[in-house]
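The chain contents come next:
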Amino acid sequence: MKFALGTLLAIPAAALFMTACNNHSSSNTDATQDSTKTPTVQVTDVTIDASGVPLKSVVAFNDDTATKKPVIVIVPEWWGLDTHVKNVAQRLADLGYFAVGLDMYGNGKLADNPDSAKAWATPFYANPKMAYDRIAAAIAKAKTYAQVDTSRIAAIGFCFGGSCVLNAARLGMPLKGIVSFHGGLATSLPITKELFTASALICHGGADKFVSPEEVATFKKQMDSAGVKYVFKEYANATHAFTNPAATATGKKFNMPIEYNAAADTASWNDMKAFLGAELK
């Protein structure tokens, strides 16, 4: 989540970013029974070390041990690792992914007002490598789980988090795919096909007052010029933060032009499912 995004994005560089199931042997009868039961999702707190900073994150995955799971790192809005991201992690686990909800700020910090959120997010806009390193730490942690397919890794982000995952790709993070939901698009980082190897899905609100039409046009021109593979989806009448059910109340409380849009939320989720299904197959 971003506030006064135009101000933040004027900073010289736009932002860049488990306890394992115990395997057990089973008899043939047990294996047959396991193959017919619906997998149960676990959501577990986990601390990820990022150069001495404890990232109080969550992992979510189902207890099916027969299939290796692609990894998806989720970078939150600028509020921090809140209920919205934890719900997203569980929904991704329901789909068969190994999801990491990342505490980008560290120590489980949650902002309850735009001023705190801006203060905490600003260093990541100023130095995108900070987000890159913390996303990389989350991926390294995920790779320690036996359930994970280490060859299939993606990252998604919301608002501030969308900017972070885009910058991680711009900086050369080896991901299969990235998804930005109502994220900032401006950057001073170079965009090259040699570094930006991930496929990208951009889910953008047509009524987003934080990301101007000029910013959208510049972003598309940069991506096209670099020959990067991306899909840009725009959802009519959707404002900034359209995927977060808490956005409407937050917008009213702080006089911010944000609100939840159920139609755009559903459409963008389905677009993400199709995109990740293709890129992580």
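Computed from a prediction, not measured in an experiment: that's the story for all the values here.

1. Topic: the overall build of the chain
Each helix and strand counted, the chain has nine helices and eight strands in total. When the accessible surface of the chain is totalled, it reaches about 11,900 Å², and 51% of it is carbon and sulfur.

2. Observations regarding the sheet that holds strand E6 (residues 177-181)
The sheet built from eight strands is open, its strands ordered E1-E2-E4-E3-E5-E6-E7-E8 with mixed pairing. A single partner strand is all that each edge strand has here, and the edge strands are strand E1 (41-50) and strand E8 (230-235). Going across the sheet, the axis of each strand differs from the next one's by a mean of 20 degrees, ignoring polarity. Where strand E2 (residues 53-62) lies against strand E4 (residues 98-101), three bridges are found, and the strand directions are antiparallel. Within E4, the residue paired with Ala60 across the bridge is Ala99.

3. A word on helix H4 (residues 114-126)
Helix length check: H4, at 13 residues, gives a terminal C-alpha distance of 18 Å against a target of 18 Å (1.5 Å per residue), a fit within 8%. Considered for burial, the residues of H4 that qualify are Pro114, Ala117, Ala121, Phe124 and Tyr125. For H4, the side-chain oxygen to backbone nitrogen distance between the N-cap and Asp115 is 3.0 Å, and the N-cap itself is Asn113.

4. So, the side chain of Asn244
Inspection of the secondary structure assignment puts Asn244 in the loop between E8 and helix H8 (247-254). Since its relative accessible area comes to 7%, Asn244 is described here as buried. Within the local environment of Asn244, its side chain forms a polar contact with the side chain of Glu77, the two groups lying 2.6 Å apart. A polar contact is formed between the side chain of Asn244 and the backbone nitrogen of Ala246, at a distance of 3.0 Å. Discounting residues that sit within four places of it in the chain, Asn244 has contacts with Glu77, Asp82, His84 and Tyr260.

5. Describing the packing of aromatic side chains
Counted by the stated rule, this structure contains 14 aromatic pairs. A ring pair is formed by Phe158 and Phe181, whose centres lie 4.7 Å apart and whose planes are at 10 degrees; its orientation type is stacked. Remark: Phe181 occurs in strand E6 and Phe158 occurs in strand E5 (residues 148-158); sequence separation between them is 23 residues. On the basis of relative accessible area, Phe181 is assigned to the buried category, the value being 1%. Both rings, one in Phe219 and one in Phe232, keep their centres 6.5 Å apart while their planes meet at 50 degrees; by these two values the pair is tilted. Taken together, the residues span a long stretch of sequence, with Phe219 in helix H7 (residues 213-226) and Phe232 in strand E8 at a distance of 13 residues. Linked through ring pairs, Tyr105, Trp120, Phe124, Tyr125 and Phe160 together constitute an aromatic cluster.

Thresholds applied
Residues numbered from 1 in each chain as written. Predicted model: local features only at pLDDT ≥ 70, side-chain atom pairs only at ≥ 80, totals over all residues. Heavy atoms only, no water. Helix = DSSP H or I, 4+ residues; strand = E, 2+ residues; numbered from the N terminus. Areas by Shrake-Rupley, 256 points an atom, 1.4 Å probe, with all protein chains shown as cover. Pairing = 2+ DSSP bridges. Axes fitted to C-alpha atoms, helices over the stretch in contact; angles between N-to-C directions. Expected span 1.5 Å × (residues − 1). Buried < 20%, exposed > 50% of the residue type's maximum accessible area, 1.4 Å probe, protein only. Polar contact = N/O pair within 3.5 Å; in protein donor to acceptor, adjacent residues only side chain to side chain. Contact = heavy atoms within 4.5 Å. Phe/Tyr/Trp six-rings, centres within 6.5 Å; stacked < 30°, edge-to-face > 60°.

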